[in-house]
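So the chains spell out like this:
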Amino acid sequence: MTLTAAPVAQQQQQVLSFEHRSSQANAAALPAHQSLGLRLGWDFAHHGLTPPVEHLFATSALRHGWQAGCATFGRRTLRANSQTQLWLHLRTHAWARGRSFEDVQLTPNYLQQLQVAHCPITRQALSHQGSARNHASVDRVRDDAGYAAGNLALMSRAANKAKAQHGWHSASAVAQSVAEGPIQRIAALGPAEWQRIAVLCSFVTELSHEEAALIPMSVLPPNRLRLFNPIQALQALVTRQLAKPGWSQRLSRIESLLPSAALRGDFNRFIMALAPRVLAVQALNSEAEIRWALEDAWAQPLLQKRWARFALQLTPAQAEILVQRAAAKGLSTLHVQQHSQASATEGWALECKGYRAATATAALPPIQVAGHERITALSR
């Protein structure tokens, strides 16, 4: 029995390898759902994880890929940290619902950069266990785009569920309706929370310069979110100055970059309306409280009026140049990365409304038997 066990196992391994190579050779002919399911199952096995039980039925492509991966890797698996598990969970969620998932830039490391302690909408502390309303959830900010770098933000499950398919205009309408009453809450969120949802959606919505310039920044852009409107990128860059020491000198240098005395005067008047918030910010200790104080400053009508007067004198190109020059001179408190219009939405699947194309896009990796507008993203 001992003498025959090894040859039988070897024959089984050869059969599995042959089947795997055959599926790889024919991957281009598979529908996208099957091809991606095979690759997803393979990656679960590669990290020593078991896929969700609801996807392990006999004809599941994910199950077949997982079984092939288990036969190949055995115990030679990679370590799966929490971000890797989240990455696999999101891919499974997207795959099961036919959503596009861009997996070149959208990696576990990228997801790590989205992590926050509090929901940007409800401002409640996020949890990572159980099914509570405050459980951390990854949201596709633009609903007609897929899971892709620049289109994701971490928020509470309650905020994600309430936001649903809302965009800038529909969320703004809900915020206004709730503010006017008589219904004061919709989906358990009040007017302030709905206003933050609307502003969040505005960042990834191409708006006219005039419309974007009038939006109060009641929520600051989450890390790595791409801002489609240059004036909002400038607005975020300026607002964030007050969160760090040395803000006065940095703002003075930004002011010196403005092309005319009239613009410099209006910018200075805007700063004079924003500056009193520094006293409140300096008394705060946590990063979240500082962020909220700066966001709440935009509820002041005087601040909005002075920003609008300044911003409407600029063109989108001038706002973009200001952001570029401020970043080049080290005047931004965050890293600024700019993308061309084409590269900014690469992998977003806008042409398919965020759903994946019908053709196959991925194949299992080879068996190894041996062990000209620009889009701005602000990031930490």
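Refer to the structure printed above.
Summary of the structure given here. (Residues numbered from 1 in each chain as written. Predicted model: local features only at pLDDT ≥ 70, side-chain atom pairs only at ≥ 80, totals over all residues. Heavy atoms only, no water.)

1. Focus on the overall build of the protein
For step 1, the next point in the chain: Secondary structure assignment for the protein yields 17 helices and five strands.
For step 2, the next point in the chain: The buried share among the 380 residues of the protein stands at 48%.
For step 3, the next point in the chain: On the protein, roughly 18,600 Å² of surface is accessible, and the fraction owed to carbon and sulfur atoms is 54%. (Helix = DSSP H or I, 4+ residues; strand = E, 2+ residues; numbered from the N terminus. Buried < 20%, exposed > 50% of the residue type's maximum accessible area, 1.4 Å probe, protein only. Areas by Shrake-Rupley, 256 points an atom, 1.4 Å probe, with all protein chains shown as cover.)

2. With respect to the nonpolar core
For step 1, the next point in the chain: Residues Ile231, Leu234, Phe267 and Phe270 are the most contacted members of the largest nonpolar core, which totals 102 residues.
For step 2, the next point in the chain: Take this core: its biggest share by element is seven residues, from helix H8 (residues 191-203).
For step 3, the next point in the chain: If near-sequence neighbours (up to four positions away) are discounted, Phe267 is found in contact with Val238, Leu251, Ile254, Glu255, Leu258 and Phe310. (Core = buried A, V, L, I, M, F, W, Y, C linked by side-chain atoms within 4.5 Å. Contact = heavy atoms within 4.5 Å.)

3. Let's talk about the environment of Arg264
For step 1, the next point in the chain: Topologically, Arg264 is positioned in helix H12 (residues 261-274).
For step 2, the next point in the chain: A sequence separation of ten residues divides Arg264 from Ile254, and the C-alpha atoms of the two residues are 9.4 Å apart.
For step 3, the next point in the chain: If near-sequence neighbours (up to four positions away) are discounted, Arg264 is found in contact with Glu255, Ser256, Leu258 and Pro259.

4. Some words on the side chain of Arg196
For step 1, the next point in the chain: Examined against the element boundaries, Arg196 turns out to sit in helix H8.
For step 2, the next point in the chain: Within the structure, Arg196 has its side chain in polar contact with the backbone oxygen of Ile121 (distance 2.6 Å). (Polar contact = N/O pair within 3.5 Å; in protein donor to acceptor, adjacent residues only side chain to side chain.)

5. So, the pattern of salt bridges
For step 1, the next point in the chain: Scanning all chains against the criterion turns up ten salt bridges.
For step 2, the next point in the chain: Two residues, Lys163 and Asp139, come together in a salt bridge whose shortest N-O distance is 3.2 Å. One end of the pair, Lys163, is in helix H6 (residues 157-163); the other, Asp139, is in strand E1 (residues 136-140), with 24 residues separating them in the sequence. Asp139 shares its class with Lys163; the two are buried.
For step 3, the next point in the chain: Of the charged contacts, one joins Arg309 and Asp266 as a salt bridge, the two residues approaching to 3.0 Å between their closest N and O atoms. Highlighted residues: Arg309 in helix H15 (residues 301-311) and Asp266 in helix H12, separated in sequence by 43 residues.
For step 4, the next point in the chain: On the basis of relative accessible area, Arg309 is assigned to the exposed category, the value being 57%.
For step 5, the next point in the chain: Each of Arg123, Arg291, Glu295 and Asp296 takes part in salt bridges that share partners, so that together they form one network. (Salt bridge = Lys/Arg side-chain N within 4 Å of Asp/Glu carboxyl O.)

6. Observations concerning the packing of aromatic side chains
For step 1, the next point in the chain: Scanning the entire structure with this criterion turns up nine aromatic pairs.
For step 2, the next point in the chain: Between Phe270 and Trp298 the ring centres are 5.8 Å apart and the planes differ by 35°, which places this aromatic pair in the tilted class. Highlighted residues: Phe270 in helix H12 and Trp298 in the loop between helix H14 (287-297) and H15, separated in sequence by 28 residues. Each member of the pair, Phe270 as well as Trp298, is classed as buried.
For step 3, the next point in the chain: Trp298 sits in the buried class, given a relative accessible area of 2%.
For step 4, the next point in the chain: Three or more aromatic residues joined by ring pairs make a cluster, and in this case those are Phe267, Phe270, Trp298, Trp307 and Phe310.
For step 5, the next point in the chain: Taking the ring centre of Trp87 as reference, the NZ or CZ of Arg91 above it sits at 4.6 Å. (Phe/Tyr/Trp six-rings, centres within 6.5 Å; stacked < 30°, edge-to-face > 60°. Lys NZ or Arg CZ within 6 Å of the ring centre and 35° of its normal.)

7. Some points on the packing of helix H2 (residues 32-46) against helix H4 (residues 82-97)
For step 1, the next point in the chain: Between H2 and H4, whose axes approach to 11 Å, the crossing angle comes to 160°. Between H2 and H4, the crossing angle belongs to the class labelled roughly antiparallel. Crossing of H2 over H4 shows left-handed handedness. Across from His33, Leu36, Gly37, Arg39, Leu40, Asp43 and Phe44 in H2, the residues of H4 making contact are Trp87, Leu88, Arg91, Thr92 and Trp95.
For step 2, the next point in the chain: The class makeup of the residues in the contact of H2 with H4 is six nonpolar, three polar and three charged. (Axes fitted to C-alpha atoms, helices over the stretch in contact; angles between N-to-C directions. Parallel < 35°, antiparallel > 145°, perpendicular 65-115°, else oblique. Left-handed = near helix turned anticlockwise from the far one by under 90°. Nonpolar A, V, L, I, M, F, W, Y, C, P; charged D, E, K, R; others polar.)

8. Details of H12
For step 1, the next point in the chain: Compared with an ideal rise of 1.5 Å per residue, which puts 14 residues at 20 Å, H12 spans 20 Å between its outermost C-alpha atoms and is within 8% of the ideal.
For step 2, the next point in the chain: For H12, the complete set of buried residues consists of Leu263, Asp266, Phe267, Phe270, Ile271, Ala273 and Leu274. All buried residues of H12 project into a common sector of 155° when viewed along the axis, lining one side. Structural note: H12 exposes Ala261 and Met272 on the side pointing more than 90 degrees away from its buried face.
For step 3, the next point in the chain: Against helix H10 (230-240), helix H11 (247-256), helix H13 (277-282), H14 and H15 lie the buried residues of H12. (Expected span 1.5 Å × (residues − 1). Arc of directions from axis to C-beta.)

9. Details of unusual backbone geometry
For step 1, the next point in the chain: Across the junction of Gly181 and Pro182, the peptide omega takes the value 5°, indicating a cis bond.
For step 2, the next point in the chain: For Ala164, which is not a glycine, the phi torsion comes out positive at approximately 45°.
For step 3, the next point in the chain: Mapped onto the elements, Ala164 comes out in the loop between H6 and helix H7 (168-180).
For step 4, the next point in the chain: Its identity is not glycine, yet Lys353 carries a phi of approximately 60°, on the positive side.
For step 5, the next point in the chain: By secondary structure assignment, the location of Lys353 is in the loop between helix H17 (341-344) and strand E5 (374-379).
For step 6, the next point in the chain: You can call Lys353 exposed: its relative accessible area is 55%.

10. Some words on the environment of Asn134
For step 1, the next point in the chain: Tracing the backbone shows Asn134 in the loop between helix H5 (108-112) and E1.
For step 2, the next point in the chain: With a relative accessible area of 27%, Asn134 lands in the partly exposed category.
For step 3, the next point in the chain: With 15 residues separating them along the chain, Asn134 and Cys119 place their C-alpha atoms 7.8 Å apart.
For step 4, the next point in the chain: In this structure Asn134 touches Gln124, Ala125, Leu126, Ser127 and Ser156, once residues within four positions along its chain are discounted.

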